[in-house]
Amino acid sequence: MAQVPQPTSAMQPVLRALRLPHLGAGSKIAALVLAVIVVLTLLAGWIAPHDPLAMNPMARLQGPIEGHPLAPTISAATSSAAC
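Residues numbered from 1 in each chain as written. Predicted model: local features only at pLDDT ≥ 70, side-chain atom pairs only at ≥ 80, totals over all residues. Heavy atoms only, no water.

**So, the overall build of the protein chain**
Then step 1. A tally of regular secondary structure across the protein chain gives four helices and zero strands.
Then step 2. Secondary structure elements of the protein chain, listed N to C terminal, follow the sequence α-α-α-α.
Then step 3. The buried share of the protein chain, taken over its 83 residues, is 1%. (Helix = DSSP H or I, 4+ residues; strand = E, 2+ residues; numbered from the N terminus. Buried < 20%, exposed > 50% of the residue type's maximum accessible area, 1.4 Å probe, protein only.)

What follows is the structure in structure tokens.
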């Protein structure tokens, strides 16, 4: 009697394609870089939520905003020593 082949799962072709046995190392690296670019493109709105065209060039000339974490703090000792 001939054996009946076992039904394969639906994921087997996907897993076989992900192994990429027929590609060289350079092609796998290129595919990885392309995948990273696609993921970063999809996440671009979350990574940089501000509109780059809505800049105010004159605001660049203003001093630091009070309370900003990177703004320098000016204490009484520092201001008196500078004079």
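**Describing a nonpolar patch on the surface**
Then step 1. A cluster of nonpolar side chains, contributed by L32, L34, V36, V38, V39, L40, L42, L43, W46 and I47, occupies part of the molecular surface with about 1,100 Å² of accessible area.
Then step 2. If you list the elements that add at least two residues to the nonpolar patch, you get α2 (25-42) and α3 (44-47).
Then step 3. A per-element tally of the nonpolar patch places α2 first, with seven residues.
Then step 4. Among the structural elements, V38 can be located in helix α2. (Patch = residues over 30% accessible without salt bridge, like charges linked within 9 Å, V, L, I, M, F, W, Y side chains within 5 Å. Areas by Shrake-Rupley, 256 points an atom, 1.4 Å probe, with all protein chains shown as cover. Salt bridge = Lys/Arg side-chain N within 4 Å of Asp/Glu carboxyl O.)

**Comments concerning the confidence of the model for the protein chain**
Then step 1. On average, residues of the protein chain carry a pLDDT of 75, and 70% of them reach 70 or more.
Then step 2. Here helix α4 (residues 76-82) stands out as the element of the protein chain with the lowest mean pLDDT, 53, in contrast to α2, whose mean of 90 is the highest. (pLDDT = per-residue confidence, 0-100.)

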